[in-house]
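Descriptive analysis of the structure
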Amino acid sequence: MRTSPETIDLLLKRRSLVAMNLVPPGPDSEELETILRCAIRVPDHKGIFPWRIQIADKETKDKLHARLPDLHQGDPASLEKTNAKEPKEAPLLLIVSSQTTSTKAPRSEQILSGATVCQNILIASAALGYRSQWLTEWFAYNDGVKDLLGVPRSEEIIGFIYIGSENQPPKERPRPQLEEIVSKLQLD
Ligand SMILES: Cc1cc2nc3c(=O)[nH]c(=O)nc-3n(C[C@H](O)[C@H](O)[C@H](O)COP(=O)(O)O)c2cc1C
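Quick look at the structure, then.

1. Here's the deal with the pattern of salt bridges
All told, the structure shown has ten salt bridges when counted by the stated rule. In this structure, Lys63 and Glu59 form a salt bridge, with 3.9 Å as the shortest nitrogen-oxygen distance. One end of the pair is Lys63 and the other is Glu59, both in helix 3 (residues 58–71) and four residues apart, which spans about a single turn. Using a relative accessible area of 49% as the deciding quantity, one classes Lys63 as partly exposed. Residue classification places Glu59 among the exposed positions, given a relative accessible area of 54%.

What follows is the structure, given as structure tokens:
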């Protein structure tokens, strides 16, 4: 297989941009299809495709966000906090949810596979020159939001992924040193 130093460079440098800083333009339809094709090319134990992706253009994303406050059940301060961070200008939202009806693989693995869908969306978006952020906030865990999106309450909303261009570049954030989290396994 041929090598791809550009991919390594992308993975070493990719950063999320807070969704409220995402602005147009977003991916065009061809780029979106590329992102989606990359998204579904992920490890998936037993080949059961245990995830679904919903596309919300800006208009639909705005409608969704307008309905969220009525569905919020926590304390008003936490709602205000989320509202303040609303990705108002973000041109595209992809919602990844689980579809864990199969018993062929453990449920946890099916949800993990969905997480890799999300990560591929972030990487493919970056490779096309866009910024993105994976959010869950309170709304990924809310039954009313699941009802609105047609996601069964028994399933998980794995990620709301906002995609667009940057209005300012993200600053690097601290990363752990490899030795803090990686160790050599030694067995007697
Ligand atoms: C499953 C998951 C859920 C997340 N949910 C939120 C969230 O609700 N709000 C938030 O500010 N960041 C959230 N993040 C973190 C951001 O998406 C992102 O990881 C962080 O801003 C820095 O990422 P980077 O290392 O890609 O730059 C979440 C991350 C993951 C993996």
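2. Some thoughts on the site of the ligand
As a structural note, the neighbourhood of the ligand is formed by Arg14, Arg15, Ser16, Lys85, Gln133, Trp134, Leu135, Thr136, Glu137, Arg173 and Arg175. Glu137 places a main-chain nitrogen or oxygen 2.7 Å from an oxygen atom of the ligand. Across the complex, the protein chains shield 66% of the 640 Å² of accessible surface that the ligand would expose by itself. Taken together, the residues that form the shell around the ligand break down as two nonpolar, three polar and six charged.

3. Topic: the packing of helix 2 (residues 29–39) against helix 5 (residues 107–127)
At a minimum axis distance of 8 Å, the contact between helix 2 and helix 5 shows a crossing angle of 140°. Relative to helix 5, the crossing made by helix 2 is right-handed. Facing helix 2, whose interface residues are Ile35, Cys38 and Ala39, helix 5 presents Val117, Asn120, Ile121, Ala124 and Ser125. Split into classes, the residues belonging to the contact of helix 2 with helix 5 amount to six nonpolar, two polar and no charged.

4. Focus on a nonpolar patch on the surface
Nonpolar side chains collect at one region of the surface, where Leu178, Ile181 and Val182 lie side by side and expose about 330 Å² of accessible area between them. Within the element layout of this structure, Leu178 appears in helix 7 (residues 178–181). On the basis of relative accessibility, which here comes to 62%, the residue Leu178 falls in the exposed class.

5. A few points about the packing of aromatic side chains
This structure, assessed with the given rule, holds three aromatic pairs. For the pair Trp138 and Phe139, a centre-to-centre distance of 5.5 Å together with 85° between the ring planes defines the contact as edge-to-face. Judged by relative accessible area, which is 2%, Phe139 ranks as buried. On the basis of an interplanar angle of 85° and a centroid distance of 4.9 Å, the ring pair of Phe139 and Phe160 is categorised as edge-to-face. Here Phe139, found in the loop between strand 4 (131–135) and helix 6 (143–149), pairs with Phe160, found in strand 5 (residues 157–166); they are 21 residues apart in sequence, far enough to count as distant.

6. A few points about the side chain of Ser113
Of note, Ser113 is situated in helix 5. At a separation of 2.7 Å, a polar atom in the side chain of Ser113 contacts the main-chain carbonyl oxygen of Pro43. Beyond its immediate stretch of four places on either side in the chain, Ser113 contacts Val42, Pro43, Asp44, Pro50 and Trp51.

What counts and what doesn't
- Within each chain, residues carry numbers counting from 1 in the order of the written sequence.
- pLDDT decides what is reported in this predicted model: residues at 70 or higher carry local features, side-chain atom pairs at 80 or more are listed and counted, and totals for whole chains, interfaces and linings draw on all residues regardless.
- Heavy atoms throughout the structure, all of them, feed into the side-chain values; hydrogens and water do not.
- The term salt bridge refers to a pairing of a side-chain nitrogen on Lys or Arg with a carboxyl oxygen on Asp or Glu at a separation within 4 Å.
- Secondary structure elements follow DSSP: runs of H or I of four or more residues count as helices, runs of E of two or more count as strands, with numbering from the N terminus.
- Summary of the burial criterion: residues with accessible area below 20% of their type's maximum are buried, those above 50% are exposed, and those between are partly exposed, where the area comes from a 1.4 Å probe applied to protein chains only.
- The rule for a residue being near a molecule or strand is that one of its heavy atoms must lie within 4 Å of it.
- Residues adjacent in sequence count toward polar contacts only when both atoms are side-chain atoms; beyond that, a polar contact is any pair of N or O atoms within 3.5 Å, and within protein one must be able to donate a hydrogen and the other to accept it.
- All accessible areas in this document rest on Shrake-Rupley with a 1.4 Å probe, and a residue is counted as covered only by the protein chains that are shown.
- Side-chain classes follow a simple rule in which Ala, Val, Leu, Ile, Met, Phe, Trp, Tyr, Cys and Pro form the nonpolar group, Asp, Glu, Lys and Arg form the charged group, and the remainder, Gly included, forms the polar group.
- In this description, a line fitted to the C-alpha atoms serves as the axis of each element, helices being fitted only across the stretch in contact, and the angle between N-to-C directions of two axes falls anywhere from 0 to 180 degrees.
- Here a crossing is taken to be left-handed if its near helix is turned anticlockwise relative to the far helix by less than a right angle, and right-handed if that turn runs clockwise.
- Only heavy atoms matter for contacts: two residues are in contact if any of them lie within 4.5 Å across the pair.
- Exposure above 30% relative accessible area and the absence of a salt bridge qualify a residue for a patch, where like charges join within 9 Å and nonpolar side chains (Val, Leu, Ile, Met, Phe, Trp, Tyr) within 5 Å.
- Any Phe, Tyr or Trp ring, taking Trp's six-membered ring, that has another such ring centre within 6.5 Å forms a pair; planes under 30 degrees apart are called stacked, those over 60 apart edge-to-face, and the others tilted.

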